[in-house]
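# Report on the structure
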Amino acid sequence: LYDKPLLVTYSGGKDSDTVLRLAQIAKIPFEVQHSHTTADAPETVYHVRDKFRALELAGIKCEIDYHTQPDGTRTTMWNLIPRKLIPPTRLVRYCCDELKEGGGKDRMITTGVRWDESTARKSRGVTMEDSRCARDYFQKEEKVYIPKQR
């Protein structure tokens, strides 16, 4: 888990840009992964491509997950909707489970999300100290704390 570089999951949004910049400032080994959902605005797709091009020129490994299945087909937002019989909504959020949360198996990952974007995220209130993986990684005297927003 820790013998590989940190995996920064990157959506192309401002939270992801912030996490990416923090990893660069910290000068820790990291790689970047983007999950291609097929539902992003063209400007976001162009931004991800430009950002990945610059990162790769700097020697940072970047990967785009196109959700290719063993039979060669791809899972997309547009083939999920008829399979689920409903487009994703605020209450029915299968798209993240299917298209965003599967990457980084057996890796330490970081994701940029804001608590104020959803009630579920805010109620989690997870800090680095609450995470078992974080406790194992940041041992003994070293403490990491991300304050809960109020």
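Keep in mind the model is a prediction, meaning the values are calculated, not measured.

On to unusual backbone geometry. You will see that Lys 27, though not glycine, has its phi angle at about 55°, which is positive. As for its placement among the helices and strands, Lys 27 is situated in the loop between helix H1 (14-26) and strand S2 (30-35). In this structure Lys 27 comes out as exposed when scored by relative accessible area, which is 73%.

This brings us to the confidence of the model for the protein. The predicted model of the protein averages 77 in pLDDT, with 72% of residues at 70 or higher. Within the protein, no element has a lower average pLDDT than helix H6 (residues 132-137), which sits at 43, and none a higher one than helix H2 (residues 42-57), at 95. Scored below 50 in pLDDT, residues 127-150 shows 27 contacts in the model against residues more than four places distant or in partner chains.

Another point: the packing of H1 against H2. Direction vectors running N to C along H1 and H2 enclose 5°, while the axes themselves pass 13 Å from each other. When the axes of H1 and H2 are compared, the pair comes out roughly parallel. Along its contact with H1, which presents Asp 17, Leu 20 and Gln 24, the element H2 presents His 47, Lys 51 and Leu 55. In terms of residue class, the contact of H1 with H2 is built from two nonpolar, two polar and two charged.

A separate point is the sheet that holds S2. Where strands meet in a sheet, backbone hydrogen bonds hold them as pairs that are either parallel or antiparallel. As summarised here, the arrangement of the four strands in space is S3-S2-S1-S4, forming an open sheet in which the pairing is parallel. This sheet does not close on itself; its edge strands, each paired only once, are strand S3 (62-65) and strand S4 (109-111). Pairs of neighbouring strands in the sheet enclose a mean axial angle of 25°, with direction left out of account.

As a further point, take H1. One full turn of an α-helix is made of 3.6 residues, so residues set three or four places apart face in the same direction. Between its first and last C-alpha atoms H1 spans 18 Å; for 13 residues at 1.5 Å apiece the expected length is 18 Å, and the two agree. The complete set of buried residues in H1 reads Asp 15, Ser 16, Val 19, Leu 20 and Ala 23. The buried residues of H1 occupy an angular sector of 135° when projected down its axis, which confines them to one face. Exposed side chains of H1 directed beyond 90 degrees from the buried face belong to Lys 14, Leu 22 and Ile 25. Each element contacted by the buried residues of H1 is listed here: strand S1 (6-9), S2, H2 and S4. Immediately beyond the C-terminal end of H1, within one or two residues, lies Lys 27, with a positive phi of roughly 55°.

Counted by the stated rule, this structure contains two salt bridges. Across the salt bridge formed by Glu 31 and Arg 107, the nearest N and O atoms sit 3.1 Å from each other. With Glu 31 in strand S2 and Arg 107 in the loop between helix H4 (94-99) and S4, the pair connects residues that are 76 residues apart, well separated along the chain. Using a relative accessible area of 17% as the deciding quantity, one classes Glu 31 as buried. For Arg 107, a relative accessible area of 18% translates into the label buried. As a salt-bridge pair, Arg 53 and Asp 50 come within 3.0 Å of each other at their nearest N and O atoms. Taken together, the positions of Arg 53 and Asp 50, both in helix H2 and three residues apart, correspond to about one turn of that helix. A residue is classified by how much of its surface remains accessible, and Arg 53, at 48% relative accessible area, is partly exposed. Taking the relative accessible area as the measure of exposure, Asp 50 reaches 45% and is therefore partly exposed.

Scoring rules and cut-offs
Here the residue numbering is sequential within each chain, running from 1 through the sequence in written order. Selection of residues for local features in this predicted model requires a pLDDT of at least 70, selection of side-chain atom pairs for listing and counting requires 80 or more, and totals for whole chains, interfaces and linings are taken over all residues. Side-chain measures here rest on the full set of heavy atoms in the structure, leaving out hydrogens and waters. Under the scheme used here, helices are H or I runs from DSSP no shorter than 4 residues and strands are E runs no shorter than 2 residues, and both carry numbers assigned from the N terminus. Accessibility here uses a 1.4 Å probe with only protein chains present; expressed as a share of the type maximum, an area under 20% marks a residue as buried, one over 50% as exposed, and anything in between as partly exposed. Known as pLDDT, the predictor's confidence for each residue is given on a scale from 0 to 100. The criterion used for residue contact is that any of the two residues' heavy atoms lie within 4.5 Å. Here, axes are lines fitted to C-alpha atoms. For helices the fit covers the stretch in contact, and angles between N-to-C directions go from 0 to 180 degrees. The cut-offs work like this: below 35 degrees is roughly parallel, past 145 is roughly antiparallel, 65 to 115 is roughly perpendicular, and the gaps in between are oblique. Following the grouping adopted for this structure description, the nonpolar residues are Ala, Val, Leu, Ile, Met, Phe, Trp, Tyr, Cys and Pro, the charged ones are Asp, Glu, Lys and Arg, and the polar ones are all others, Gly among them. Two strands make a pair as long as DSSP finds a minimum of two bridges between them. Here, expected helix span is obtained from the residue count minus one, scaled by 1.5 Å. As used here, the arc is the angular range of directions from the helix axis to the C-beta atoms. Between Lys or Arg on one side and Asp or Glu on the other, a salt bridge is scored when a side-chain nitrogen of the former is within 4 Å of a carboxyl oxygen of the latter.

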